[in-house]
Amino acid sequence: MTGPRGTGHAARHELTGRARLRSALVPRANQRQILAGALCALLGFAGVTQVQSRDEDSVLESARQSDLVQILDAQSQLADRLEDELAGLESSYDDLLTDGNKQQTALEQARERREALGILAGTLGARGPGVDLVVVDPDRRASAIRILGAIEELRNAGAEVIQVNDVRVVASTYVLDGDDGPEVDGIGLDPPYVLRAIGDAETLATAMGIPGGVIDSFANDGMSATVVPRVEVVVDALRTPSAPEYARPAEAG
Amino acid sequence: MIAAIGLLLGVGLGLLVQPEVPTWLQPYLPIAVVAALDATFGGLRALLDGIFDDRVFVVSFLSNVVIAALVVFLGDQLGVGGQLSTGIVVVLGIRIFANVAAIRRHLLKA
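A brief report on the enclosed structure follows. (Residues numbered from 1 in each chain as written. Chains lettered and ligands numbered in written order. Predicted model: local features only at pLDDT ≥ 70, side-chain atom pairs only at ≥ 80, totals over all residues. Heavy atoms only, no water.)

This paragraph deals with the pattern of salt bridges. Using the criterion set out here, one finds seven salt bridges over all chains in the structure. For Asp236 of chain A, the salt bridge identified is with Arg196 of chain A, shortest N-O distance 3.9 Å. Taken together, the residues Asp236 of chain A in the segment after β8 (224–235) and Arg196 of chain A in strand β7 (residues 193–198) connect sequence positions 40 residues apart. In this structure Arg196 of chain A comes out as partly exposed when scored by relative accessible area, which is 24%. Ionic pairing is found between Asp38 of chain B and Arg95 of chain B, a salt bridge with its closest N-O pair at 2.9 Å. On the criterion of sequence distance, the pair formed by Asp38 of chain B in helix α2 (residues 29–49) and Arg95 of chain B in helix α4 (residues 81–108) is long-range, its members being 57 residues apart. Exposure remark for Asp38 of chain B: the relative accessible area of 1% places this residue in the buried category. (Salt bridge = Lys/Arg side-chain N within 4 Å of Asp/Glu carboxyl O. Helix = DSSP H or I, 4+ residues; strand = E, 2+ residues; numbered from the N terminus. Buried < 20%, exposed > 50% of the residue type's maximum accessible area, 1.4 Å probe, protein only.)

Together, Asp80, Glu83, Asp84 and Glu85 of chain A make up a region of like negative charge exposed at the surface. Relative to the assigned elements, Glu85 of chain A resides in helix α4 (residues 65–121). (Patch = residues over 30% accessible without salt bridge, like charges linked within 9 Å, V, L, I, M, F, W, Y side chains within 5 Å. Areas by Shrake-Rupley, 256 points an atom, 1.4 Å probe, with all protein chains shown as cover. Lys, Arg positive; Asp, Glu negative; His and termini not counted. Charge placed at Lys NZ, Arg CZ, Asp CG, Glu CD.)

This brings us to the side chain of Asp132 of chain A. All names here are of chain A. Along the chain, Asp132 turns up in strand β1 (residues 126–136). Judged by relative accessible area, which is 10%, Asp132 ranks as buried. For Asp132, the side chain forms a polar contact with the side chain of Arg230, separated by 2.5 Å. Contact partners of Asp132, with chain neighbours within four places excluded, come to Leu195, Arg196, Thr226, Val227, Val228, Arg230 and Val233. (Polar contact = N/O pair within 3.5 Å; in protein donor to acceptor, adjacent residues only side chain to side chain. Contact = heavy atoms within 4.5 Å.)

Coordinates in, geometry out; function isn't part of it.
Put into structure tokens, the structure is as follows:
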């Protein structure tokens, strides 16, 4: 860079870079020049080879063993994590599915129970096979005891739902003798008395008609009672449910 | 002149033959090429400075290549081959840039 170096360089020292480059381009085939040329050829060869090997090979193929191990490690960790995630999602999917099924079942059970209780408590209308017990009482001789007897007899014969004229018979139903004849739950009955009962029609009809039974009792008192079995009896009288004032549900089990 | 011809010859040969790089050479070849590039640019700079010496060029070229490959090999044995080759590439890259800057000053006066 600074100062002459050897006699050969002294003359060229004053030249500019361009002139030196130009002078270097003149081929002088001494042994060292050829060696340098060979080295440059080696460089070109190796460079091109490397570039082409990069083109041909995938990144993985030319990666070091430790790099490969790391990549493999990362991949298997990723796979593990994804598998964990998959398992979690599947289990929560199953949970949701069974949850939905449980809720569905609970809903159905609740609906069934509501229907059963509604029919028992008289808040729902009901229909089904049964009998009509028609009592004709032109002289208004009916007494509460006879009506009650008929209701009891119907129940004993398996009647599930009973309606007297327009009054639904429920657990708290009572029958009294009023001024104008029998009253059911405080509502006076006008003849003819129609007791509709849902149950096994044949059993109910047989139970009404046994000697000394309901029909005979009404006849003894001067009324005429007839039992009509029906394929479908519609009980449409309803009760408004009243919340119990004192009773509370006890914890089950 | 002969060096430039040699370079072109090497490139042409590489394109023509398209050799497979042996597996044992794969980690070292890129580093060796970068080291040789550094030596070549150093030689070009020395030429423009008027202090080019064939012997120095040959020795520095070979020693550059061998030392770079050796260091990477050592790094591989120590388990830090990837980092060491990165370091070597950085160092040689800086040197290449410095040499090219000097060459540019010579040729373009800027």
